[in-house]
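# Structural overview
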Amino acid sequence: MQQYSKEEKAMWLEDWRQSGKSAWAYAKGNGLNTQTFNKWTKSEAKAKSCFVEVTAQVIKPISHMPEILIEKGEVKIHIPLLLGPGELRAVMEGLGGAI
C-alpha cells in the first residue's frame, strides 16, 4: 500500500478542490485509492469544522492596554495582549475561518 506524506496529501487535496470534481472521480482519475482519498477529504473537513467558543464580554477599555484589533465589516474584535500565548493561539485559530 502506498504511503503519502502530509505534504503530498495536502497537494492532492488542494488539486482536488481546484478540479471541481467529486472526491471519487478525482481519486479514480488520478490513480488514487478512492476509499483512502475519501478518508482524507472527511478528515480535512472535520479538522476545519473545529471551533473555539469564547464568551462575549464587554470590558471597560483601558487606553494604555495593548491590544489586537480585528475588523470585518461592522464587527470589531478587541483582543487584549494580556492573554497568554496558548489562549491567544486558541482565539486566533478559532477566528481563522471567520476572517
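Please refer to the structure higher up on the page.
## Things to note about the overall build of the protein
Along the backbone of the protein there are four helices and two strands. Counted from the first residue to the last, the protein has its helices and strands arranged as α-α-α-β-β-α. Counting over 99 residues, the protein shows a buried share of 14%. Considering only contacts within the protein whose residues lie at least 6 apart along the sequence, 27% involve residues at least 24 apart. With an accessible surface of roughly 8,300 Å², the protein has 56% of that area assigned to carbon and sulfur atoms.

## Concerning the packing of aromatic side chains
In this structure the tally under the stated criterion is five aromatic pairs. For the ring pair tyrosine 4 and tryptophan 40, a centre distance of 5.2 Å and an interplane angle of 85° mean the geometry is edge-to-face. Taken as a pair, tyrosine 4 in the segment before helix 1 (6-19) and tryptophan 40 in helix 3 (residues 34-48) lie far apart in primary sequence, 36 residues in all. Residue classification places tyrosine 4 among the partly exposed positions, given a relative accessible area of 23%. Residue class for tryptophan 40 comes out buried when judged on its relative accessible area of 10%. Centre to centre, the rings of tyrosine 26 and phenylalanine 37 are 5.4 Å apart; their planes meet at 35°, and the pair counts as tilted. Taken together, the residues tyrosine 26 in helix 2 (residues 23-29) and phenylalanine 37 in helix 3 connect sequence positions 11 residues apart. Through pairs of rings, three or more aromatic residues link up here, namely Tyr4, Trp12, Trp16, Tyr26, Phe37 and Trp40.

The rules we used
Residues numbered from 1 in each chain as written. Predicted model: local features only at pLDDT ≥ 70, side-chain atom pairs only at ≥ 80, totals over all residues. Heavy atoms only, no water. Helix = DSSP H or I, 4+ residues; strand = E, 2+ residues; numbered from the N terminus. Buried < 20%, exposed > 50% of the residue type's maximum accessible area, 1.4 Å probe, protein only. Contact = heavy atoms within 4.5 Å. Areas by Shrake-Rupley, 256 points an atom, 1.4 Å probe, with all protein chains shown as cover. Phe/Tyr/Trp six-rings, centres within 6.5 Å; stacked < 30°, edge-to-face > 60°.

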